[in-house]
Amino acid sequence: MNEHDVFQTDVLIVGAGPVGLTLACDLARRGVACRIVERDATAGRASKAKTIQPRSLEVLDDLGAVEHVVRHGIADLPLRFHDSSGGVVDGPSITVRARDSFGTPYPDPLWIGQFDVEHALRERLRLLGGSVEHQVEAVDLAQDQDGVTAAMRTPQGDRTVRARYVVATDGGKSTVRGLLGLHLAGETREAERWYIGDVTVNGLARDHMHVWTSDDGMLVLTPLPHSDLWQLQAPVPAGTEPSTPTCELYQRLLDERNAGITLTSAAWLSVYRVNIRMLTDYRSGRVLFAGDAAHVHTPAGGQGMNTGIQDAYNLGWKLGAVIRGASPDLLDTYSAERAPVARTVLAVSTRKLDRTTQRIGGHADMLGPALGELADDAMTTGLGIRYGSGSHDPSTGPVAGDRAPNATGLRGPDSTGDLFDLTRGPHWTLIAFDNDDPALTDRTEPGILHLHLHRINTDDGLLDGDGEFQRIYAPRRGELILIRPDGHIATRIPHDQTADLFDTLPVAAPMR
Ligand SMILES: Cc1cc2nc3c(=O)[nH]c(=O)nc-3n(C[C@H](O)[C@H](O)[C@H](O)COP(=O)(O)OP(=O)(O)OC[C@H]3O[C@@H](n4cnc5c(N)ncnc54)[C@H](O)[C@@H]3O)c2cc1C
């Protein structure tokens, strides 16, 4: 092959689902040369994930992609249980609002079809100058010391991409994972299968999620906002093999429950099998895995897309730093931080599924609480996820590893607004609390490390107008609080250790 036929890039992303798109946006805004390839000819239209959690909304906000999602999602979707004699019982939404103490501008999870989240990310990528290369399928891969060579199949013929790093975001059946001979460890529940699909129906109020209970399990129809679609989910009856999913079959499932609903069309029909599996290490040399390519779990609690989006966000700044010259060891922290999150999600979502399944033949008054248990707030919202050991003591404020909560009412010479307004973007943020050490100003760099001098009793610097920063962070005089590009606290350092900050700062290498 002629070397001119080889497309060179820094990062090749395989798969343009929500996770690949999140990473592509993050790398594009960092100016990292990146290609994102997708096997399918067009953007995905299947609803699949239908809730986006508060932490993922924060991620999309930081990436500049949240607006469409907020406009198209809805926060309140109460439940309506139907019995076979036509009776109904109403219950509250199964999503849980985040506690005030998380300090988030997005306390409510939003109901929204996955295709709408992908649309928002694709549009953002376009504005950042990138685009998805459709009908390009990764079919082979070889890595060496300096990079990865990937063979692509396209309608125009085969092509080769040479990249410094490859990120596999190619879903649960990941081709890349197979090519490297890696396996997801865990269990597959052959007997637990679900019919799923996006359908249109006649005669059903779109302001509720509708549930029909029966001995064969609950059938759920969830309206997908800003469309005429409903997502249908119903378990394949125990002890039977799934039939080919068709509109007629789904109509029969409704008729068996005396739903009195007519299905008028179906856009996506499938059978879902419960897999509870993950990679033990998300890195194999120069190939990294994120999203369903790294972990698959039960749909209970609605965590798959959300965990994947947050994987990509953890990886984006690290890849960006390594491409700029930071030690590749930084990439090991990606798996070290994200694999434990997936392990917890797997355990919690399996527990939730088991608890709910035990009650699915029951009555509405049993099902309400069972479905409510699907959402706790710290883990499900993603706001309580922390990296590393140690624990949060409310009297000292958040510590290294914690997500940095928002604080409103900040006023400064260059900006007025929230802490999130200061951290929004690909940079690190250093908040110096009543600390005027000139070394701080000397060492900060626009676009890479932003310094905000937070002063007490003076008019220059950043003022804590609402007293929120004090209340949430409980800073000590002279303290330095360093926030990573992904919004987690890197370190909190006392005033007399300012010099150490720059010696030990993980950002030091990528900055130079
Ligand atoms: C019924 C259902 C309900 C769900 N509900 C929720 C929910 O409420 N909340 C939630 O968070 N999650 C939910 N999920 C899970 C969620 O849909 C997935 O976790 C999410 O799609 C994972 O995103 P991803 O980008 O990792 O992979 P995918 O979305 O699977 O995207 C992978 C992409 O890679 C492409 N690809 C594959 N192989 C190649 C190749 N060799 N070359 C190029 N491209 C390739 C594929 O075509 C695909 O577009 C649900 C899933 C289902 C099925």
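Predicted, not measured: the structure shown is a model, and the values here were computed from it.

Time to look at the overall build of the protein. Looking only at helices and strands, the protein features 14 helices and 25 strands. Once the C-alpha set of the protein is aligned to its principal axes, its extents read approximately 75 × 65 × 35 Å. For the protein, the proportion of its 512 residues judged to be buried stands at 56%. Summarising the internal contacts of the protein: among those between residues at least 6 apart in sequence, 67% fall at separations of at least 24. Surface summary for the protein: the accessible area is close to 21,200 Å², and the carbon and sulfur share equals 49%.

Among the 31 residues in the neighbourhood of the ligand, the closest are listed as E38, Q114, D292, M305 and N306. In isolation the ligand exposes 1,000 Å². Once the protein is present, 91% of that is buried. For the shell around the ligand, the element with the most residues is helix α7 (residues 304-324), which contributes 3 residues. Of the residues in the shell around the ligand, the class split is 11 nonpolar, 12 polar and 8 charged.

What the rule picks out here adds up to 4 cavities of 30 Å³ or more. Empty space within the largest cavity amounts to approximately 170 Å³. Taken together, 13 residues make up the lining of the largest cavity; nearest its centre are E58, D62, Y313, F420 and T423. Among the elements of the structure, α2 (54-63) and α10 (419-423) are those that each provide at least two residues to the lining of the largest cavity. Here the lining of the largest cavity gets 4 residues from one element, more than from any other, and that element is α2.

As a further point, take the sheet that holds strand β14 (residues 230-235). Taken in spatial order, the 8 strands make up an open sheet running β5-β4-β12-β13-β14-β11-β15-β18, and their pairing is mixed. Edge positions in the sheet fall to β5 (88-91) and β18 (295-296), since each has one partner strand and no second. Taken strand by strand, helix α6 (residues 247-256) contacts β11 (185-202), β12 (209-212), β13 (219-223), β14 and β15 (262-278), and its axis lies near 85° from that of β15.

With that settled, consider the nonpolar core. Counting 87 residues, the largest nonpolar core has L12, I52 and L319 as its most contacted members. If one sorts the elements of this core by residue count, α7 sits on top with 10 residues. Summarising the domain contributions, this core has at least three residues from each of domain 1 (3-74 + 107-185 + 277-372) and domain 3 (410-511). Beyond its immediate chain neighbours, meaning those up to four positions away, L12 contacts R35, V37, A150, M152, V161, A163, Y165, V166 and V167.

The rules behind each value
- By convention here, each chain's residues receive numbers from 1 onward along its written sequence.
- Since the coordinates come from a predicted model, pLDDT governs what is reported: local features require at least 70, and pairs of side-chain atoms require 80 or more to be given and counted, while whole-chain, interface and lining totals use all residues.
- Side-chain calculation: all heavy atoms of the structure are included, whereas hydrogens and water are not.
- Numbering of helices and strands runs from the N terminus; a helix is a DSSP stretch of H or I covering at least four residues, while a strand is a stretch of E covering at least two.
- For each residue, the accessible area found with a 1.4 Å probe, counting protein chains only, is set against the maximum for its type, and the residue is called buried under 20%, exposed over 50%, and partly exposed in between.
- In this analysis, two residues are considered to be in contact whenever any of their non-hydrogen atoms come within 4.5 Å of each other.
- The Shrake-Rupley method, run with a 1.4 Å probe, gives the accessible areas here. Residue values count only the displayed protein chains as cover.
- Throughout, near means a residue has at least one heavy atom within 4 Å of the molecule or strand.
- When residues are grouped by polarity, Ala, Val, Leu, Ile, Met, Phe, Trp, Tyr, Cys and Pro land in nonpolar, Asp, Glu, Lys and Arg in charged, and all others, Gly among them, in polar.
- Cavity: a set of points on a 1 Å grid over the protein atoms alone where a 1.4 Å probe fits but cannot get out. Pocket: an open set with protein on both sides within 12 Å along at least five of seven lines, its lining residues, like those of a cavity, having an atom within 4 Å of a point.
- Grid points are joined across faces, edges and corners, and a volume is the space filled by probe spheres set on the points.
- In this scheme, strands are said to pair when DSSP sees at least two bridges between them.
- As a rule, the C-alpha atoms of each element are fitted with a line to give its axis, helices using only the stretch in contact, and angles between N-to-C directions run from 0 to 180 degrees.
- Remark: nonpolar core denotes a set of buried residues (Ala, Val, Leu, Ile, Met, Phe, Trp, Tyr, Cys) joined through side-chain atoms within 4.5 Å.
- Where each domain starts and ends comes from a domain assignment, either automatic or drawn from a database.

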